[in-house]
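Remarks on the overall topology
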Amino acid sequence: MSSTKKSAARTTATEKSFEGFSAEERAAMKDHAQELKASARAGSKAAKAAEAEAAVVAKIAEMRDSDRVMAERLHAIVKENAPDLAPKLWYGMPAYARDGKVVCFFQSAEKFNARYATLGFSDQATLDDGAMWATSYALNELTAAGEARIAELVQKAAG
C-alpha cells in the first residue's frame, strides 16, 4: 500500500516540475530536424542556396497576412542591405546566415501565439555596443523609420 502511495506521489511531483515543450515548440524542433536533413542532401552549393531561398519564400507565403507582409519586406531589406547573408529556414522561420551560421531571423507572431512578431539576431551578429545591446526586436508593423533602422542593424550584423 505504501509503494502505491509513493508511486502516485512521484508521478504528481514529476508532472508538476516538468511541463514539457508546447505544441509550437515541438513543431519548431521538427521543422529544424527537416531543415538539417535537407541541408545534408547532395547537390551543388548554388542548387542548395536556391532551394533554401525558395523554402524561405514559400514559408513566408504561408504566413497570415500581417506576418507575411512584414516577412516579405524584411526579406527584401536583408537581400538589399546584406547580400552576403544567405536565406535559410531555421526552426521553420526565415533566417539569414553567414557561412551556414544564422545571423538574423524573423519569427512570426502566429508561430508561438505571440502578440508581436520578432526580428532577432544571434551571437554571430556584430551588434556589440558596449556591455549591453539588444538581440531581438518586437514588430507590430513596419514603418519607413522601422525599415531604415532594420537596414542599419542588418548591415551592422552582417559586418
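Please read these numbers as outputs of a predicted model, since none were measured by experiment.

Criteria and cut-off values
Residues numbered from 1 in each chain as written. Predicted model: local features only at pLDDT ≥ 70, side-chain atom pairs only at ≥ 80, totals over all residues. Heavy atoms only, no water. Helix = DSSP H or I, 4+ residues; strand = E, 2+ residues; numbered from the N terminus. Buried < 20%, exposed > 50% of the residue type's maximum accessible area, 1.4 Å probe, protein only. Contact = heavy atoms within 4.5 Å. Areas by Shrake-Rupley, 256 points an atom, 1.4 Å probe, with all protein chains shown as cover. Polar contact = N/O pair within 3.5 Å; in protein donor to acceptor, adjacent residues only side chain to side chain. Patch = residues over 30% accessible without salt bridge, like charges linked within 9 Å, V, L, I, M, F, W, Y side chains within 5 Å. Salt bridge = Lys/Arg side-chain N within 4 Å of Asp/Glu carboxyl O. Pairing = 2+ DSSP bridges.

**Considering the overall build of the protein chain**
Check the secondary structure of the protein chain and you find five helices and five strands. Each helix (α) and strand (β) of the protein chain, taken in turn from the N terminus, gives the series α-α-α-α-β-β-β-β-β-α. The buried share of the protein chain, reckoned over its 159 residues, is 31%. Within the protein chain, counting contacts between residues at least 6 apart in sequence, those at least 24 apart form 47% of the total. Within the structure as shown, the protein chain displays about 10200 Å² of accessible surface, and the carbon and sulfur contribution to it stands at 54%.

**A look at the side chain of N81**
Positionally, N81 belongs in helix 4 (residues 65-81). Within the local environment of N81, its side chain forms a polar contact with the side chain of Q155, the two groups lying 2.8 Å apart. If we ignore the near neighbours within four places in the chain, the residues touching N81 are A151 and Q155.

**Considering unusual backbone geometry**
The phi dihedral of Y91 falls on the positive side, at around 55 degrees, and the residue is not glycine. Residue Y91 is classed as partly exposed on the basis of its relative accessible area of 31%.

**With respect to a nonpolar patch on the surface**
On the surface, a cluster of nonpolar side chains totalling about 280 Å² of accessible area is made up of F21, M29 and Y91. With respect to the helices, strands and loops of the structure, Y91 is situated in the loop between strand 1 (86-90) and strand 2 (93-98).

**Here we look at the pairing of strand 1**
Side chains of strand 1 alternate between two faces, with P87 and L89 buried and A86, K88 and W90 left unburied. Summarising the sheet, strand 1 and strand 2 pair through five bridges and their orientation is antiparallel. Paired with L89 across the strands is P94, a residue of strand 2. The hairpin turn running from strand 1 into strand 2, its antiparallel successor, is two residues long, and Y91 in that turn takes a positive phi close to 55 degrees.

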